[in-house]
Amino acid sequence: MNGPDFSLWRKRSLALGIAALALSAAGALFSPQQFFRSYLVAFLFWIGFPLGCWAILMLHHLVGGRWGFMIQRSLESAGRTFPLMALLFLPLVFGLRELYPWSLPGAAADPLLHEKSAYLNPNFFVARAIFYFAVWIVFGYFLSRWSREQDRAGGSSLTARLQNISGPGLALYGLTVTFSAIDWSMSLEPHWHSTIYGMIFMVSHALAALAFVVIVAYLLLDREPLAQVADRDRFHDLGNLLLALVMLWAYLGFCQFLLVWVENLREEIPWYLRRITGGWQGVAVLLIAFQFALPFLLLLSRSAKRRVRVLAGVALLVLVMHWVDLLWLVAPAFHPGKFHLHWIDLTTLAGIGGVWMAAFLFCLGENPLLPLRDPRFVELIEHGQEAIR
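Residues numbered from 1 in each chain as written. Predicted model: local features only at pLDDT ≥ 70, side-chain atom pairs only at ≥ 80, totals over all residues. Heavy atoms only, no water.

Notes on the overall build of the protein
Turning to step 1, where the next piece is worked out: A count of helical and extended segments in the protein gives 17 helices and zero strands.
Turning to step 2, where the next piece is worked out: By its C-alpha atoms, the protein is 75 × 40 × 40 Å across when sized along the principal axes.
Turning to step 3, where the next piece is worked out: Residue burial in the protein is summarised as follows: out of 389 residues, 52% are buried.
Turning to step 4, where the next piece is worked out: The contacts in the protein between residues at least 6 apart in sequence include a share of 83% that link residues at least 24 apart.
Turning to step 5, where the next piece is worked out: Element-wise, carbon and sulfur atoms account for 67% of the exposed surface of the protein, whose accessible area totals about 17,200 Å². (Helix = DSSP H or I, 4+ residues; strand = E, 2+ residues; numbered from the N terminus. Buried < 20%, exposed > 50% of the residue type's maximum accessible area, 1.4 Å probe, protein only. Contact = heavy atoms within 4.5 Å. Areas by Shrake-Rupley, 256 points an atom, 1.4 Å probe, with all protein chains shown as cover.)

The following block contains the structure:
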């Protein structure tokens, strides 16, 4: 059974992405440093979608629940884009010296960087990235492949396979996301470290991914067969999960700040000082207000979570602020104590996003919008019909 036709939107998205990347490449000719810095923020934003979707999909396979079937195809489609993201990672390899101080020839003169050189060196950095993408691609492939086989053959044996792979997959998700966050983001300032940093990225990826699939479900609300099951109860469940992730993101961010403030160590304080001075403090206030406070208050309301348009609006706000959050985490490493936003920040965001969205829509259009032959889904539909009778 074929999925819906997204060819028009796919072509438009791809055209936008290519045009924006071409414009970004032109900017790189004049300011290569700015290009790589902007590209890093954009890449971290878009890699969060397949990573977060991968985690939520495995959670759904492990615990079941009606909330997951409505978004399962979106989660699987995002997880199939890891090969593309591996390709889009390549520019960062060529920009190591523009981004990471530990990659410079004279870095060994710094005693602390010398101690960390066994881990922080270009060859091992690239090797770890290859390992991360290999894990993500393999798991994304099998989760999608077995789901498609279930569409053709049905049966509970494939459900068991999906459950069996999801447990180890979640453990590997935690490990690979933690180390990739350290490699790609925290090591921009190698004199600073945080034991919570990787966990913050894990939750951020899941939060952004859930917000994304909520928006996709809203946009596909009238398409069959999704329209048959996309009711207010399912969106209410997704709203509850979104609320939990918003709270967890805020909790982890506060814990990290509190630990640094209590310890009051000379090597840790500058990281926050760079992000609460020179205009960056305004960004921090925006994050508190619009990444936590406003979504938290709105998602506390039962009626807001059951009004699909309102929930999609909250999800869109979360996505926008997620990018602002990444900008706040990364950009002060290059512009300490001085707010900086460049037009290449926007073109790289649109460029990677346009290409990624085209790939996502291609994958989404290959299968039905619901796992119609999953025994768990069939059982839920039958129970629903019996309840109506």
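Some thoughts on the nonpolar core
Turning to step 1, where the next piece is worked out: Counting residues in hydrophobic clusters, the biggest one holds 124 residues, and the most contacted among them are Phe-43, Trp-54, Trp-136 and Trp-184.
Turning to step 2, where the next piece is worked out: In terms of residue count, helix 2 (residues 32-63) provides more of this core than any other element does, 19 residues in total.
Turning to step 3, where the next piece is worked out: Other than its neighbours up to four places away in sequence, Trp-54 contacts Phe-82, Val-135, Trp-136, Phe-139, Leu-143, Gly-169, Leu-172, Tyr-173 and Thr-176. (Core = buried A, V, L, I, M, F, W, Y, C linked by side-chain atoms within 4.5 Å.)

Examining the packing of helix 2 against helix 15 (residues 308-330)
Turning to step 1, where the next piece is worked out: Close contact between helix 2 and helix 15 brings their axes to 9 Å; oriented N to C, the two are set at 135°. Between helix 2 and helix 15, the angle is such that the two are oblique. With respect to the hand of their crossing, helix 2 and helix 15 are arranged in right-handed fashion. On helix 15, the residues that touch Leu-40, Val-41, Leu-44, Phe-45 and Phe-49 of helix 2 are Leu-319, His-322, Trp-323, Leu-326, Leu-327 and Val-330.
Turning to step 2, where the next piece is worked out: Residue composition of the contact of helix 2 with helix 15, by class: ten nonpolar, one polar and no charged. (Axes fitted to C-alpha atoms, helices over the stretch in contact; angles between N-to-C directions. Parallel < 35°, antiparallel > 145°, perpendicular 65-115°, else oblique. Left-handed = near helix turned anticlockwise from the far one by under 90°. Nonpolar A, V, L, I, M, F, W, Y, C, P; charged D, E, K, R; others polar.)

Details of the pattern of salt bridges
Turning to step 1, where the next piece is worked out: Applying the stated criterion across every chain, the model contains eleven salt bridges.
Turning to step 2, where the next piece is worked out: The salt bridge involving Glu-189 is made with Arg-274; its shortest N-O contact spans 2.8 Å. Pair noted here: Glu-189 is in the loop between helix 9 (157-184) and helix 10 (197-219) and Arg-274 is in the loop between helix 12 (269-273) and helix 13 (280-300), with a separation of 85 residues, a long-range link.
Turning to step 3, where the next piece is worked out: Judged by its relative accessible area of 9%, Glu-189 is buried.
Turning to step 4, where the next piece is worked out: Exposure remark for Arg-274: the relative accessible area of 24% places this residue in the partly exposed category.
Turning to step 5, where the next piece is worked out: One salt-bridge network, in which partners are shared between bridges, spans Arg-73, Glu-76 and Asp-151. (Salt bridge = Lys/Arg side-chain N within 4 Å of Asp/Glu carboxyl O.)

Re the packing of helix 13 against helix 15
Turning to step 1, where the next piece is worked out: Helix 15 packs onto helix 13 with a crossing angle of 155° between their chain directions and a minimal axis gap of 10 Å. As the angle between them shows, helix 13 and helix 15 are arranged roughly antiparallel. Here helix 13 and helix 15 pass one another in a crossing that is left-handed. Residue-level contacts link Trp-280, Val-283, Ala-284, Leu-286, Leu-287, Phe-290, Gln-291, Leu-294, Pro-295, Leu-298 and Leu-299 of helix 13 to Leu-311, Val-314, Leu-317, Val-318, Met-321, His-322, Val-324, Asp-325, Leu-327 and Trp-328 of helix 15.
Turning to step 2, where the next piece is worked out: Within the contact of helix 13 with helix 15, the residues separate by chemical class into 18 nonpolar, two polar and one charged.

Section: the state of the cysteines
Turning to step 1, where the next piece is worked out: For the structure shown, the criterion picks out zero disulfides.
Turning to step 2, where the next piece is worked out: Among the cysteines around Cys-53, which has no disulfide bond, Cys-363 carries the closest sulfur, lying 12 Å off. (Disulfide = S-S within 2.5 Å.)

What about the packing of aromatic side chains?
Turning to step 1, where the next piece is worked out: Applying the stated rule across the entire model yields 40 aromatic pairs.
Turning to step 2, where the next piece is worked out: Where Phe-49 meets Phe-212, the ring centres are 5.0 Å apart and the plane angle is 15°; that geometry is what we call stacked. One end of the pair, Phe-49, is in helix 2; the other, Phe-212, is in helix 10, with 163 residues separating them in the sequence.
Turning to step 3, where the next piece is worked out: With relative accessibility at 1%, the residue Phe-49 sits in the buried group.
Turning to step 4, where the next piece is worked out: Their ring planes at 80° and their centres at 4.9 Å tell us that Trp-271 and Tyr-272 sit as a pair that is edge-to-face. The same class applies to Trp-271 as to Tyr-272, namely buried.
Turning to step 5, where the next piece is worked out: A cation over a ring is seen here: Arg-128 above Tyr-119, with NZ or CZ 3.6 Å from the ring centre.
Turning to step 6, where the next piece is worked out: It is Arg-275 that lies over the ring of Trp-271; its NZ or CZ is 3.9 Å from the centre. (Phe/Tyr/Trp six-rings, centres within 6.5 Å; stacked < 30°, edge-to-face > 60°. Lys NZ or Arg CZ within 6 Å of the ring centre and 35° of its normal.)

Thoughts on the side chain of Ser-185
Turning to step 1, where the next piece is worked out: Looking at where Ser-185 falls in the secondary structure, it is placed in the loop between helix 9 and helix 10.
Turning to step 2, where the next piece is worked out: Leaving out residues up to four positions away in the same chain, Ser-185 has contacts with Leu-44, Ser-180, Tyr-197, Phe-201 and Val-330.

Considerations on helix 9
Turning to step 1, where the next piece is worked out: Between its first and last C-alpha atoms helix 9 spans 39 Å; for 28 residues at 1.5 Å apiece the expected length is 40 Å, and the two agree.
Turning to step 2, where the next piece is worked out: The axis of helix 9 is deflected most strongly, by about 30°, at Ser-166, and proline Pro-168 appears within four residues downstream. (Expected span 1.5 Å × (residues − 1). Bend = angle between axes of the 7 residues up to and from the residue.)

Looking at a nonpolar patch on the surface
Turning to step 1, where the next piece is worked out: A cluster of nonpolar side chains, Phe-254, Phe-257, Leu-258, Trp-261 and Val-262, forms an exposed patch at the surface whose accessible area comes to about 540 Å².
Turning to step 2, where the next piece is worked out: Residue position: Leu-258 is located in helix 11 (residues 232-263). (Patch = residues over 30% accessible without salt bridge, like charges linked within 9 Å, V, L, I, M, F, W, Y side chains within 5 Å.)

The analysis is restricted to geometry; functional conclusions fall outside its scope.
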